[in-house]
Amino acid sequence: MDSTPGSSEYVTLVSGDGFEFIVPRSTACVSGTIRRMLDPSSRFSEAVTGRCVLENMSGLVLEKVCEYLCYNLKNKNQTNVPDMEIPPELCLELLMAADYLDT
Amino acid sequence: MAMRARQKIRAPRKGLASSKGDDFEANWQALSGSLKRIHTKDASDLSFEQLYRNAYNIIVTMRGHDLYERVKQLEREWLATEVRSSVDAAISPSLLFAQDALDIQDQANERRAAGERFLAVLRETWEDHQLSMGMITDVLMYMDRVVVADHRKPSIYVASMALFRDIVLRSPVRPDTKTTVADVLESTVLFLVQLERSGQIIERPLIRHCIYMLEGLYETITEEESSKLYLTSFEPAFLEASKTFYQKEGQRLVESADAATFCKVAMERITEEKERCASTLSTLSEPKIKEVLDNELIKRNIAEVVNLEGTGVRNMLDQDRLDILRSVYVLSSRVDNKKTPLTAVVQKCIVDMGQEINTLATAPAPAPETTDKKAVKEKEKPMNQQTMSAIKWVDDILALKKKFDAIWVDSFMSDQVMQSAITTSFSDFINSNPRSSEHLSLFFDENLKKGIKGKTDSEVDSLLDNGITLLRYIKDKDLFEAYYKKHLSRRLLMKRSASMDAERQMISKMKMEVGNQFTQRLESMFKDMTISEDLTSSYKDHIRKSASHDGKPVDLEINVLTSTMWPMEIMSNTRDEVQLSCVFPREVESVKQSFEQFYLSKHSGRKLSWQASMGTADIRATFQRSNGKTARHELNVSTYAMVILLLFNDVAPGESLTFAEIQSRTRIPDHDLIRNLQSLAVAPKTRVLKKDPMSREVKPTDRFFFNNDFQSPFTKVRIGVVSGSANKVENNDQRKETEKKMNEERGASIEAAVVRIMKQRKTLVHSKLMSEVLGQLSSRFVPDVNMIKRRIESLIDREYLERVGEDPPTYGYIA
C-alpha cells in the first residue's frame with residue numbers, strides 16, 4: 001500500500017468534469033483499483049505520471065470519495081469509529097463509485 | 001448509512017454506465033488491442049483507468065461472461081502463436097535426439113549450450129507471461145470480482161497459467177513426436193544436473209528459474225500444494241535419475257576406491273545435493289534426495305565399505321584415522337540407528353586387539369611353569385617376568401581403552417550405542433583371560449607399592465580410576481576380591497604400601513563401583529590394622545608400668561587379625577598336615593607369653609594363633625673378624641630367620657648345625673626353613689651363615705656355620721626372604737588352590753542366595769529360582785548353572801529345601 005521510493009509521495013485524482021484532488025499515495029491506495037492503477041511494476045500511464053483520471057466520476061462524488069479514503073485510512077484498525085456524514089442524494093452514486101474503485 | 005427522511009435520492013446520471021447495447025464490441029476492440037500491447041511490453045501509454053473502464057462497462061452490461069471467454073481465447077491464441085513459436089525455435093535437434101548420448105563429450109557440450117539457450121528462452125517466456133498476466137489481471141480486476149465469483153470460475157490469472165501449461169509445456173514439440181516442451185525441459189535440467197555431478201559448473205540461477213516456473217504451475221485449477229508441476233512431473237524423474245546415478249556411483253566407488261575415498265565422496269555428495277536443492281532445484285526435494293542418497297549410496301554399500309580389506313574400519317582403527325572414522329560413523333548413523341556393520345567391526349577389532357594382549361601376557365607363562373619345580377633360583381626370574389607381563393597386560397588394556405575412548409568421543413560423537421558395543425567387547429576379551437582378576441589386582445598392588453611414588457594426587461587418582469574401569473568389566477568380581485585381599489594383606493603386614501591414603505582412596509573407589517558388600521572385608525582389614533596399632537602401644541605402656549621384664553626389653557609390634565577377614569592361606573603354607581607351632585627362643589617366647597596374657601586379660605575367650613611366617617625382626621649381630629676386630633650390624637630379618645640366627649648364639653664358634661638339627665629345634669615348616677636358609681646362606685650379599693657344601697640347593701644333610709667374616713657396607717642390613725614375600729603371579733599349583741577355594745566360596749554364596757530367596761518365597765519354580773539366583777549373584781560373579789543345580793541338590797539332601805512339584809519342578813522351603 002505504501003509508495004515505493006522514487007515514485008512521488010502525492011498523486012493526483014482527476015474527476016470526469018476536471019476537478020483535481022491531490023492526495024497522499026497511501027490514501028489513494030486504500031482503493032484497490034487505484035492501487036493497481038498506480039502499481040509501479042505495471043507500466044501503465046497512471047503509474048508513470050502519478051495522475052489518475054477517473055472519467056466516470058463527477059467532482060462532487062470524487063470529493064466525497066477522497067474524504068472517505070482519508071477517513072478509512074485514519075480509522076484503520078480502530079473500534080468505535082464515528083459515522084461518516086453521507087448526503088443521501090449522493091448515496092447511489094457513491095455506492096457505484098465504491099464498487100468501481102473497490103473500496 | 002445515516003439517511004434523512006423524505007430526501008430525494010438522485011438517480012445516477014447516464015454516462016457513468018453508458019450502456020448502449022452493442023457497446024460490447026467497441027469496448028472489446030479497445031480492450032483486446034490494449035491487451036496485446038501489454039503482451040508485447042508496450043503498455044506505457046495505456047491508461048489503466050481506460051482499460052478498467054472498458055472492462056467495467058462490459059461487465060456492467062451483463063456481458064462479463066463473454067469477456068472472460070474472449071480474454072481466454074485471446075490468451076490461447078497469443079500463447080499458441082507467438083510464444084510457442086519462440087520456444088520451439090529454441091529447441092535444437094540436439095536437445096530432442098541426444099537423450100541417451102550423455103557421455104560423448106562434444107555432443108554433450110553442444111547439448112549443454114543448446115540446453116542453456118532453451119532454458120533461457122523458456123525462462124524469459126515464462127517471466128513475460130507472468131508479468132503480462134499480472135497486469136491483465138489488474139486491469140480485469142473488476143471482472144475477477146464479479147464474473148468469477150458469480151460463475152465459480154478460476155480467476156483469469158489461474159486460467160491463463162493453466163493455458164500456459166497446456167499450450168506451451170504440454171504440447172508436442174514437433175507434430176510428429178510425442179515429446180513435449182516439458183519433456184525437453186525435464187531432460188535438459190536433468191542433463192545439466194548430471195553435468196554438475198560430474199564436476200562441471202553449470203548456470204544454477206537459470207535452472208532455478210525454470211524450476212520456479214514448475215513450482216508456480218499446478219496440475220489442477222484449485223492449485224493445491226501437492227499438485228505443483230514440480231512435484232508431479234519433474235521431481236519423480238529427478239529422483240529416479242539420481243537413484244540410478246548413485247547406484248552406479250556406489251558400485252564404482254566400492255569396486256575401485258578405498259573406504260576413505262568412499263566416505264569422503266559420500267560426505268561431499270551429501271553436502272552437494274543439499275546445496276543443489278537450495279540453489280538449483282527446490283528445497284522441497286531436499287529430504288527426498290537425502291533419502292535417495294541414504295538408500296542408494298550409503299545403505300547398499302556401507303557394510304561393504306566398513307569391511308573393506310585393507311582400507312576399512314579395521315585399518316582406520318589401527319592407524320587412528322579419526323576423521324575418516326567420524327565420516328563412517330556419520331554415514332552409518334544416517335541409514336541405521338544401530339549402525340550394525342560398524343559396531344560389528346569395532347567390536348571384532350577390540351576383541352582381536354584384546355586377544356593379542358591376552359596372548360602376549362600369557363604366552364611366556366607356560367614355558368617356565370614346566371620347569372619351576374626344578375630350579376628355585378630360575379623360577380624367580382620368570383615369575384617376576386610374569387608379574388611384569390601381568391602389569392603390562394593391564395597397562396596395554398588401559399592404553400587400548402584410552403584409545404577407544406578417544407575414538408568414541410571424537411569419531412562416534414559419544415554415541416550411546418557405540419559405547420555399549422565397545423564396553424561389551426572390552427568385557428568379552430577381558431573375561432576371556434582367566435587371569436584377568438589376578439592381573440588387575442597385581443596392577444593395583446604394583447602401583448600402590450611403589451608406582452605412586454613421585455606422582456601427584458591427581459595422577460594417582462586417574463591411575464586408580466583407570467584400574468577401576470577395568471574392574472567394571474570383570475565378571476568374576478569375587479575372584480578379584482580374593483586376589484586383592486591377598487595382595488592387600490601382604491602390603492599391610494609387610495608395610496609395603498606406599499601410602500595409606502591411596503589405599504583408602506582405592507577402597508572407597510571400589511565401594512562406589514561395586515558396592516558395600518564387596519569392600520566390607522577389605523575395610524575390616526584396615527580396621528584390624530588400626531586396632532593393632534592401639535594394641536601395640538597400650539601393650540608397651542603395660543610393659544613399662546609392670547616392669548616385670550628381665551634385663552633385655554624386646555620391642556614388640558603386633559598385628560592382631562580377625563581370622564575370617566584375612567586370607568589365612570597365604571600365612572600358613574602348609575597344607576593338610578597338622579602344624580606344630582614354631583619353637584621360639586626363650587627371649588621371644590617370654591615376650592610372646594606376656595603379650596598373650598595381656599591380650600587375653602583384655603579380651604577373654606579369644607584364641608591367638610601366631611603367624612611367625614609373616615613377621616620380621618630387628619636383631620643386632622656381632623661378628624668376630626678373624627683379624628681380631630669386631631663388626632656390628634643390625635639385621636632386619638624375617639621372624640623365622642631370627643629364630644634360626646638366635647640358635648647360633650648357643651653354638652660355639654666354628655661349630656655347625658645341620659639342616660635337620662635346625663629343623664628339629666625350631667619346627668619351622670620345611671618350605672619356610674629352606675627359603676630362609678637360602679636367604680641367609682646362599683644369597684650373595686646377605687651371607688650371614690656359611691653353608692657346607694656351598695651349593696644353591698638346601699639338603700637335610702647340609703651344615704651351617706655362623707659367618708664371622710660377613711661384610712656389608714651398611715650398618716643396617718635387610719635380609720629379604722627368597723621369594724614369597726612379594727606379590728606376583730601365581731604358579732599353576734597356587735592357581736588351582738585359589739580356584740578350589742573360590743569354588744568353595746562360590747558354592748557357599750550360591751547356597752546362601754538360594755536359602756535367602758526360598759525363605760522369602762516359600763515355594764518357587766526351578767527356573768524362577770535359577771534366574772533369581774543368577775540375578776542376585778551377577779554383581780559378584782557369573783555362577784555356573786550346574787553348580788547351582790548341585791547346590792540345590794545338596795540343600796535338599798540336607799533338608800533345607802524339599803521338592804514340591806515335578807512338572808514344573810518346584811521347591812519348597814523347610815523352616
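Residues numbered from 1 in each chain as written. Chains lettered and ligands numbered in written order. Predicted model: local features only at pLDDT ≥ 70, side-chain atom pairs only at ≥ 80, totals over all residues.

Student: Help me understand the overall build of chain B, please; the structure alone is not making it clear to me.
Tutor: Per the secondary structure count, chain B includes 31 helices and 9 strands. Here chain B, with 815 residues, has 32% of them falling under the buried criterion. Sequence separation of at least 24 residues holds for 71% of the intrachain contacts in chain B that already meet a minimum separation of 6. (Helix = DSSP H or I, 4+ residues; strand = E, 2+ residues; numbered from the N terminus. Buried ≥ 20, exposed ≤ 12 C-beta atoms within 10 Å, placed from the backbone. Contact = placed C-beta atoms within 7 Å.)

Student: Help me understand the overall build of chain A in this model?
Tutor: When you go through chain A residue by residue, the secondary structure sums to 5 helices and 3 strands. Traced from its N-terminal end to its C-terminal end, chain A shows the element sequence β-β-α-α-α-β-α-α. Split into buried and exposed, the 103 residues of chain A put 32% on the buried side.

Student: Would you mind going over the confidence of the model for chain B with me for this structure?
Tutor: Segments scoring low in pLDDT should not have their predicted coordinates read at a detailed level. Residue and element names in this part refer to chain B. Per-chain confidence: chain B averages 75 in pLDDT, with 85% of residues scoring 70 or above. When pLDDT is averaged over each helix and strand of chain B, the minimum, 38, is found for helix H17 (residues 366-371) and the maximum, 84, for helix H31 (residues 785-797). Note that pLDDT drops below 50 for residues 14-20; the model gives that stretch 7 contacts with residues more than four away or on any other chain. In the model, residues 573-578 has pLDDT below 50 throughout and makes 5 contacts with residues more than four positions away in sequence or in other chains. In the predicted assembly, ipTM is 0.84 and pTM is 0.61. (pLDDT = per-residue confidence, 0-100.)

Student: Where do I start with the pairing of strand S9 (residues 809-813) of chain B in this structure?
Tutor: The side chains of a regular strand alternate, first on one face of the sheet and then on the other. Residues and elements named next belong to chain B. The pairing of strand S7 (residues 763-765) with S9 spans 3 bridges and is antiparallel. Its bridge partner being in S9, Val765 is matched across the sheet by Thr810. Taken together, the 5 bridges between strand S8 (residues 801-806) and S9 define a ladder with antiparallel strand orientation. Bridging from a neighbouring strand, Glu806 pairs with Pro809 of S9. (Pairing = 2+ DSSP bridges.)

Student: Would you mind going over unusual backbone geometry with me for this structure?
Tutor: Leave glycine aside and you will find that most residues have negative phi; peptide bonds, for their part, are mostly trans. Residues and elements named next belong to chain B. Its identity is not glycine, yet Lys762 carries a phi of approximately 65°, on the positive side. Within the fold, Lys762 resides in the loop between helix H29 (732-761) and S7. Positioned with a positive phi, Glu799 is a non-glycine residue whose angle comes to about 60°. Relative to the helices and strands, Glu799 resides in the loop between H31 and S8. For Glu799, a count of 8 C-beta atoms within 10 Å gives the class exposed.

Student: Sorry, what's going on with helix H26 (residues 639-647) of chain B here?
Tutor: Since there are 3.6 residues in each turn of an α-helix, residues three or four apart along the chain are aligned in direction. Residue and element names in this part refer to chain B. Among the 9 residues in H26, 7 count as buried, and that is most of the element. All of the buried residues along H26 are Thr639, Tyr640, Ala641, Met642, Val643, Ile644 and Leu645. Where H26 is buried, its residues touch strand S1 (616-624), strand S2 (630-638), helix H27 (659-666) and helix H28 (670-682).

Student: Can you help me understand the sheet that holds S7(B) in this one?
Tutor: Pairing between sheet strands relies on hydrogen bonds along the backbone, with the strands arranged either parallel or antiparallel. All names here are of chain B. Pairing is antiparallel across the open sheet formed by 3 strands, whose spatial order is S7-S9-S8. Among the strands making up the open sheet, the edge pair consists of S7 and S8. Sheet twist, expressed as the mean angle between neighbouring strand axes with direction ignored, is 30°. In the packing of helix H30 (residues 766-777) onto the sheet, contacts are made with S7 and S9, and the angle to S7 comes to roughly 90°. (Axes fitted to C-alpha atoms, helices over the stretch in contact; angles between N-to-C directions.)

Student: Help me understand the sheet that holds strand S3 (residues 51-54) of chain A, please; the structure alone is not making it clear to me.
Tutor: Residues and elements named next belong to chain A. Read across the open sheet, the 3 strands follow the order S2-S1-S3; overall the sheet is mixed. Lying at the two open borders of the sheet, with one neighbouring strand each, are strand S2 (20-24) and S3. Each strand axis lies, on average, 25° off the axis of its neighbour in the sheet, ignoring direction. Across 5 bridges, strand S1 (residues 10-15) lies against S2 in antiparallel orientation. Each bridged residue has a counterpart across the sheet, and for Leu13 the counterpart in S2 is Phe21. In the packing of helix H4 (residues 59-74) onto the sheet, contacts are made with S1, S2 and S3, and the angle to S2 comes to roughly 10°.

Student: I'm lost on the environment of Asp528(B) in this one. Help?
Tutor: When you line up the elements, Asp528(B) lands in helix H24 (residues 516-546). Separated by 31 residues in sequence, Asp528(B) and Asn559(B) place their C-alpha atoms 7.5 Å apart.

Student: So what exactly am I meant to see when it comes to the packing of helix H12 (residues 286-299) of chain B against helix H15 (residues 322-335) of chain B here?
Tutor: The geometry of a pair of packed helices is captured by two quantities: the angle between their axes and the separation between those axes. Residues and elements named next belong to chain B. Viewed as axis vectors pointing N to C, H12 and H15 meet at an angle of 125°, and their least axial separation amounts to 9 Å. Comparing the axis directions of H12 and H15 gives the class oblique. The element H12 and its partner H15 pack so that their crossing is left-handed. From H12, Asp294, Ile298 and Lys299 reach across to H15, where they touch Leu331, Arg334 and Val335. For the contact of H12 with H15, a count of residues per class yields 3 nonpolar, no polar and 3 charged. (Parallel < 35°, antiparallel > 145°, perpendicular 65-115°, else oblique. Left-handed = near helix turned anticlockwise from the far one by under 90°. Nonpolar A, V, L, I, M, F, W, Y, C, P; charged D, E, K, R; others polar.)

Student: Would you take a moment to explain the nonpolar core for this structure?
Tutor: Nonpolar side chains in soluble globular proteins tend to end up buried together. Ranked by size, the top nonpolar core spans 67 residues in total, and within it Cys263(B), Val313(B), Val328(B) and Ile422(B) carry the most contacts. Counting the residues that make up this core, at least three belong to each of domain 2 (245-313) and domain 3 (326-531) of chain B. Residues within four places of Cys263(B) in sequence aside, it is in contact with Ile324(B), Ser327(B), Val328(B) and Leu331(B). Counting 49 residues, the second largest nonpolar core, distinct from the first, contains Met57(A), Leu101(A), Leu35(B) and Val60(B). (Core = buried A, V, L, I, M, F, W, Y, C linked by C-beta atoms within 7 Å. Domains from an automatic or database assignment.)

Student: Please explain the environment of Gln73(B) as it appears in this structure.
Tutor: Here Gln73(B) shows up in helix H3 (residues 64-90). A tally of 12 C-beta atoms within 10 Å means that Gln73(B) is categorised as exposed.

Student: It is not clear to me how helix H19 (residues 416-432) of chain B should be interpreted in this structure. Could you clarify?
Tutor: Residues and elements named next belong to chain B. A rise of 1.5 Å per residue sets the reference length of H19, with its 17 residues, at 24 Å; its end C-alpha atoms lie 24 Å apart and thus fit the reference within 8%. Among the residues of H19, those classed as buried are Met418, Ala421, Ile422, Ser425, Phe426, Phe429 and Ile430. With its buried residues spanning 155° around the axis, H19 presents them on a single face. In H19, the exposed positions angled more than 90 degrees off the buried face are occupied by Gln416 and Ser420. (Expected span 1.5 Å × (residues − 1). Arc of directions from axis to C-beta.)

Student: I would appreciate a short explanation of the packing of helix H11 (residues 259-279) of chain B against H15(B) in the present structure.
Tutor: Residues and elements named next belong to chain B. Between H11 and H15, the least distance of the axes is 9 Å, while the angle of their chain directions is 60°. What the angle tells us is that H11 and H15 run oblique. In this structure, H11 crosses over H15, and the sense of that crossing is left-handed. On H15, the residues touching Ala260, Cys263, Lys264, Ala266 and Met267 of H11 are Ile324, Ser327, Val328 and Leu331. Each residue belonging to the contact of H11 with H15 can be placed in one class, and the counts come to 7 nonpolar, 1 polar and 1 charged.

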